[in-house]
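Listed here are the chains, written in short residue letters.
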Amino acid sequence: MNEGVVWLTIFILSVFVGIEVISKVSSTLHTPLMSGANAIHGIILLGAILVTGATDSTLALVVGLVAIVLATVNMVGGFVVTDRMLQMFTRKKPAPKNEGAR
Amino acid sequence: MPTWVQVVYLLCAIGFILALKGLSGPRTARRGNLVGAAAAVVGCVLPFIYVDHLDHVPLMIGAIAVGTAGGVFGARKVQMTQMPQMVALFNGVGGGAAALVALLELNHMLEVQDALDALGADVDAYGWFVYAATAFTIFVGSVSFAGSLITFAKLQELMTSRPVVFAGLPVAFGLMLLGGVGLSVLTVTDAAIGIGIALCLVGLVFGVLLVLPVGGADVPIVISLLNAFTGLTVAAGGYVLSNTLLLVGGTLVGASGTFLTLLMARAMGRSVGNIMFGALKGGSTLG
């Protein structure tokens, strides 16, 4: 089996899955979803670790370490900021109920 | 790569799918985000376990610690009203990281090819499509980095949030796009690290020009679009590095991000084309 076609297959199927899983998102969740997806592409950290771990020149090492710092900020910051946004969502919900009960 | 590692990468990829699925429903959103975070952490720990000759481990762990501190600090300190620009900033640094990773990989590919040529072997170590994917990652990653920094500056009011248009903008825009395509073709035909760096610089200028004409109110949609761009660069990087998790994770974000951009534009009653280029045609998009 042609390896390039295997990669293409994974790519095409992922495109359809990516569209399908978020197709029913409510408009209030647009920003947290964008933020969560943003955190997921922070997985480039994995790529940064793989290339940096294989470097031997000093310049390449420095570039690789910069890439690791940037990718980590993307990944960790992305997930934390998404969680903060969603925390706000879950807190909002009980509030109107309580006011109604009063 | 051992089989068990490939299986764990698959499980992480499933984690990302479940994360996006969870994030699109109000009840499951927070859990979805945590599932995504867990999958990302597991994926990034793996190379430390299975790669035989991973060099510079202490330095890399130090860099991860610095990045974690910066990310947590930024994410916790930001005001609720400033969330969109924080997402833009995180997205931008991710795009920058992808471009740097691709530059390093291009450097590595050239070294391998040089070693083969020195042996007198008349073979191409990498196919043309690998070079094309590397060029794509360098260019679009740089566009995403520079574009996101401009969106950040606009929302943070470090610069005017009104559309910035000057007389030669469409010409400069076209020239940068042509330059990007031309340098990408050169990367495939006569790859050199200098061409990669030039591609990076052209991408940075193109990213700035792309976002300048967008008005402040439309900026969140541009952030979403650049987010999808970064996803696609990560996917291309995954192909170059032969890593399935990067390919699947990046493609998921690229596809769902593009779709989300269309949904957001529709919710605002605008078309994406009008948001990006409306100011160039004279139809103003006031911020």
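Quick caveat: nothing in here was measured; it's all calculated off a predicted structure.

Asker: Got a minute to help me understand a nonpolar patch on the surface in this structure?
Answerer: All names here are of chain B. Among the surface-exposed residues, Val7, Leu10, Leu11, Ile14, Leu18 and Val35 lie close enough to one another that they form a single nonpolar patch of about 510 Å² accessible area. In terms of residues, the nonpolar patch owes the most to one element, helix α1 (residues 3–23), which gives five residues. With respect to the helices and strands, the residue Leu10 is situated in helix α1.

Asker: Would you explain empty space enclosed by the protein in this entry?
Answerer: A water-sized probe, rolled over the atoms, reveals where empty space remains. Tallying each qualifying case throughout the model produces one cavity of 30 Å³ or more. Looking at the largest cavity, its volume works out to about 40 Å³. Along the walls of the largest cavity sit Ile44 of chain A together with Ala98, Val101, Ala102, Glu105, Thr137, Gly237, Val240 and Leu241 of chain B, which together make up its complete lining. Elements with a contribution of two residues or more to the lining of the largest cavity: α4 (83–118) and α8 (219–240) of chain B. Among the elements that line the lining of the largest cavity, the one with the most residues is α4 of chain B, at four residues.

Asker: Please clarify how the packing of aromatic side chains should be interpreted in this entry.
Answerer: We describe a pair of aromatic rings using the distance from one ring centre to the other and the angle between the two ring planes. On inspection of all chains with the given rule, the structure shows eight aromatic pairs over all chains. Seen in terms of ring centroids, Tyr9 of chain B and Tyr50 of chain B are 6.3 Å apart; in terms of plane orientation they differ by 85°. Their pairing is edge-to-face. In this pair, Tyr9 of chain B sits in helix α1 while Tyr50 of chain B sits in helix α2 (residues 29–50), placing the two residues 41 residues apart along the sequence. Taken individually, Tyr9 of chain B and Tyr50 of chain B each receive the classification buried, so the pair is uniform in this respect. Three or more aromatic residues joined by ring pairs make a cluster, and in this case those are Trp7 of chain A together with Trp128, Phe129 and Tyr239 of chain B.

Asker: Whenever I open this one, the interface of chain B and chain A confuses me. Can you help?
Answerer: It is common to report an interface's size as the accessible area lost on association of the parts. Contact with chain B, which involves 85 residues of that partner, is made by 66 residues of chain A. Between chain B and chain A lies a buried interface of about 6,900 Å² when both sides are counted; carbon and sulfur atoms form 82% of it. Per-residue buried area on chain B facing chain A is highest for Leu23, Arg30 and Leu104 of chain B; these three make up 9% of the total on that side. Counting every contact that joins chain B to chain A gives one salt bridge. With a closest N to O distance of 2.9 Å, Asp83 of chain A and Arg30 of chain B form a salt bridge. The tally of links between chain B and chain A comes to 13 residue pairs in polar contact (both at pLDDT 80 or more). Secondary structure elements with two or more residues in the side of chain B that touches chain A: α1, α2, α3 (57–77), α4, α8 and α9 (244–267) of chain B. Looking at the side of chain B that touches chain A, the element that brings in the most residues is α9 of chain B, giving 16 residues. Its residues assigned to classes, the side of chain B that touches chain A shows 54 nonpolar, 25 polar and six charged.

Asker: What exactly am I supposed to notice about the UniProt feature "transmembrane region" (unreviewed entry) in chain A here?
Answerer: Under the feature "transmembrane region" (unreviewed entry), the UniProt entry names residues 6–23, 35–53 and 59–82 of chain A. A distance of 26 Å separates the end C-alpha atoms of residues 6–23 of chain A, which is 94% helix and 0% strand.

Asker: Explain the packing of helix α2 (residues 30–40) of chain A against α8 of chain B here, please?
Answerer: Geometrically, a packed helix pair is captured by the angle between its two axes and the distance between the axes. The geometry of α2 of chain A relative to α8 of chain B is characterised by a closest axis approach of 10 Å and an angle of 30° between their N-to-C directions. Here α8 of chain B runs roughly parallel to α2 of chain A, going by the angle between their axes. Considering how the two elements wind past one another, α2 of chain A and α8 of chain B form a crossing that is left-handed. Between α2 of chain A and α8 of chain B, the residues in contact are Met34, Ala37 and Asn38 of chain A and Pro220, Ile223, Ser224 and Asn227 of chain B, respectively.

Rules used in this analysis
- Residues numbered from 1 in each chain as written.
- Chains lettered and ligands numbered in written order.
- Predicted model: local features only at pLDDT ≥ 70, side-chain atom pairs only at ≥ 80, totals over all residues.
- Heavy atoms only, no water.
- Patch = residues over 30% accessible without salt bridge, like charges linked within 9 Å, V, L, I, M, F, W, Y side chains within 5 Å.
- Areas by Shrake-Rupley, 256 points an atom, 1.4 Å probe, with all protein chains shown as cover.
- Salt bridge = Lys/Arg side-chain N within 4 Å of Asp/Glu carboxyl O.
- Helix = DSSP H or I, 4+ residues; strand = E, 2+ residues; numbered from the N terminus.
- 1 Å grid on protein atoms, 1.4 Å probe; cavity = no way out; pocket = protein on both sides within 12 Å on 5 of 7 lines; lining within 4 Å.
- Points joined across faces, edges and corners; volume = space filled by probe spheres on them.
- Phe/Tyr/Trp six-rings, centres within 6.5 Å; stacked < 30°, edge-to-face > 60°.
- Buried < 20%, exposed > 50% of the residue type's maximum accessible area, 1.4 Å probe, protein only.
- Contact = heavy atoms within 4.5 Å.
- Buried area = accessible area lost by both parts, 1.4 Å probe.
- Polar contact = N/O pair within 3.5 Å; in protein donor to acceptor, adjacent residues only side chain to side chain.
- Nonpolar A, V, L, I, M, F, W, Y, C, P; charged D, E, K, R; others polar.
- UniProt positions renumbered as here; feature names shortened; annotations may be inferred.
- Axes fitted to C-alpha atoms, helices over the stretch in contact; angles between N-to-C directions.
- Parallel < 35°, antiparallel > 145°, perpendicular 65-115°, else oblique.
- Left-handed = near helix turned anticlockwise from the far one by under 90°.

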